[in-house]
Amino acid sequence: MADLMRLHLTANLPIRVEPLVFAGRVEFRLGNAFPAVLVVDAEALPRLAEAVAEGQAALDAARGGQ
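In this report, we go over the structure that sits alongside the text.

The rules behind the values
Counting starts from 1 at the beginning of each chain's written sequence and moves along it residue by residue. Side-chain atom pairs in this predicted model are given and counted only at pLDDT of 80 or more, local residue features only at pLDDT of at least 70, and totals for whole chains, interfaces and linings cover all residues. Think of the side-chain values as coming from all heavy atoms in the structure, minus any hydrogens and water. Salt bridges are counted wherever a side-chain nitrogen of Lys or Arg sits within 4 Å of a carboxyl oxygen of Asp or Glu. Put simply, DSSP marks the helices as runs of H or I at least four residues long and the strands as runs of E at least two long, and each gets a number from the N terminus on. Relative accessibility under 20% of the residue-type maximum defines a buried residue, over 50% an exposed one, and the middle range a partly exposed one, all with a 1.4 Å probe and only protein chains included. Multiplying one less than the number of residues by 1.5 Å gives the expected span of a helix. DSSP-based pairing: two strands are paired if at least 2 bridges between them are found.

## Here we look at the pattern of salt bridges
- Per the stated rule, a full pass over the model turns up 4 salt bridges.
- One salt bridge connects Arg47 with Glu50, and the closest N-O pair in it is separated by 3.5 Å. One end of the pair is Arg47 and the other is Glu50, both in helix H1 (residues 45-62) and 3 residues apart, which spans about a single turn.
- A residue is classified by how much of its surface remains accessible, and Arg47, at 44% relative accessible area, is partly exposed.
- With its nearest N and O atoms 3.1 Å apart, the salt bridge here joins Glu54 to Arg47.
- For Glu54, a relative accessible area of 46% corresponds to the partly exposed category.
- Taken together, the shared-partner salt bridges in this structure form one network comprising Arg47, Glu50 and Glu54.

What follows is the structure, given as structure tokens:
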């Protein structure tokens, strides 16, 4: 998939959050020297939170709930 960008987030990766109130968005800056930026519309934030929770639940289930 040539059009796919993959980011590997680790526990020690700096993540800075900047609310872009004027635009109704939140900016997530991942990393320091050459940060990747994820810009999320306010209306999409609950879905992003759900997706993260779904991923965590899937990992927990695969590990036997550890």
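## Re H1
- With 18 residues, H1 ought to run about 26 Å at 1.5 Å a step, and its terminal C-alpha atoms sit 26 Å apart, in line with that.
- A positive backbone phi angle near 80° is found at Gly64, which sits one or two residues after H1.

## A look at the pairing of strand E2 (residues 25-30)
- Across 6 bridges, the pairing between strand E1 (residues 15-20) and E2 is antiparallel. Pairing of Leu20 across the sheet is with Arg25, part of E2.
- As consecutive antiparallel partners, E1 and E2 are separated by 4 residues, and within that stretch Gly24 has a phi angle of approximately 65°, a positive value.
- Sheet topology note: the E2/strand E3 (residues 36-41) ladder contains 6 bridges and is antiparallel. Its bridge partner being in E3, Arg29 is matched across the sheet by Val37.

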